[in-house]
Every structure is written in C-alpha cells, then in structure tokens.
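Descriptive analysis of the structure
Given next are the chains, with one letter for each unit.
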Amino acid sequence: MATALKLSDDLVELAKISAAAEHRSVPRQIEYWARIGKAVLENPDLPLRMVQDILLSREEVKAGHLAPYEFG
C-alpha cells in the first residue's frame, strides 16, 4: 500500500544523487535507506557492510541465483 509522505527537500536531493548512482528511482532509494537503517538498528553488533551483504544475499536467493558450496 502506497502512502504519501512529506520529506525534506534536502533528503530528496540527497536521494536523487544516490539514486542516480545506484540506478534506482528516488522513492526506491529512500526505501533502501529505510530498510538498511532498520536492519542496522535490529542488528547493532553487525557491521553495515555485513548487513548490506545479507540483504543482497536474501534477494539473490529470492531470484534463484544459488550455487552449492564446494568444500575443499
């Protein structure tokens, strides 16, 4: 369900820059920041990079990009 929000012009401008660099729309960029922030707050002992990698891995699994791990 979409909800209209009032956001500061500064936040939207920052999102435009990051969105362009990451090939996302501005709303998707803000959603991404919110998702990362929520995950970091829920997992304060994990470094940001690990949280980002976990979220990426979860999306790869959803997309079916799996390969068995080969030991040795």
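The structure contained in this document is the topic of the report that follows.

**Comments concerning the overall build of the protein chain**
- If you tally the helices and strands in the protein chain, you get 3 helices and 0 strands.
- Reading the helices (α) and strands (β) of the protein chain from amino to carboxyl end gives α-α-α.
- For 72 residues, the compact-globule estimate of 2.2 N^0.38 gives 11 Å, and the C-alpha radius of gyration of the protein chain, at 15 Å, exceeds that figure by more than 25%.
- Referenced to the eigenvectors of the C-alpha coordinate spread, the extents of the protein chain come out at roughly 55 × 25 × 25 Å.
- Counting over 72 residues, the protein chain shows a buried share of 14%.
- Looking at the protein chain as shown, the accessible area adds up to about 6400 Å², and 60% of this sits on carbon and sulfur atoms.

**Remarks on unusual backbone geometry**
- In this structure, His 23 takes a positive phi of about 60° despite not being glycine.
- For His 23, the location among the structural elements is in the loop between α1 (9–22) and α2 (26–42).

**Considering the packing of aromatic side chains**
- Counting across every chain of the model gives 1 aromatic pair.
- Each ring, one from Tyr 69 and one from Phe 71, has its centre 4.9 Å from the other, and the planes form 85°; the classification is edge-to-face. The burial state of Tyr 69 is the same as that of Phe 71; both residues are exposed.
- Positioned above the aromatic ring of Tyr 32, the side-chain terminus of Arg 24 is 3.9 Å from the ring centre.

**As for the layout of surface pockets**
- The space that makes up the largest pocket amounts to roughly 460 Å³.
- Taken together, 18 residues line the largest pocket, and the ones lying closest to its centre are Arg 35, Ile 36, Leu 55, Leu 56 and Glu 59.
- Taken together, the elements giving at least two residues each to the lining of the largest pocket come down to α2 and α3 (48–62).
- Residues of the lining of the largest pocket, tallied by class, amount to 8 nonpolar, 2 polar and 8 charged.

Each value, and the rule that gives it
Residues numbered from 1 in each chain as written. Predicted model: local features only at pLDDT ≥ 70, side-chain atom pairs only at ≥ 80, totals over all residues. Heavy atoms only, no water. Helix = DSSP H or I, 4+ residues; strand = E, 2+ residues; numbered from the N terminus. Rg over C-alpha atoms; globule rule 2.2 N^0.38 Å. Buried < 20%, exposed > 50% of the residue type's maximum accessible area, 1.4 Å probe, protein only. Areas by Shrake-Rupley, 256 points an atom, 1.4 Å probe, with all protein chains shown as cover. Phe/Tyr/Trp six-rings, centres within 6.5 Å; stacked < 30°, edge-to-face > 60°. Lys NZ or Arg CZ within 6 Å of the ring centre and 35° of its normal. 1 Å grid on protein atoms, 1.4 Å probe; cavity = no way out; pocket = protein on both sides within 12 Å on 5 of 7 lines; lining within 4 Å. Points joined across faces, edges and corners; volume = space filled by probe spheres on them. Nonpolar A, V, L, I, M, F, W, Y, C, P; charged D, E, K, R; others polar.

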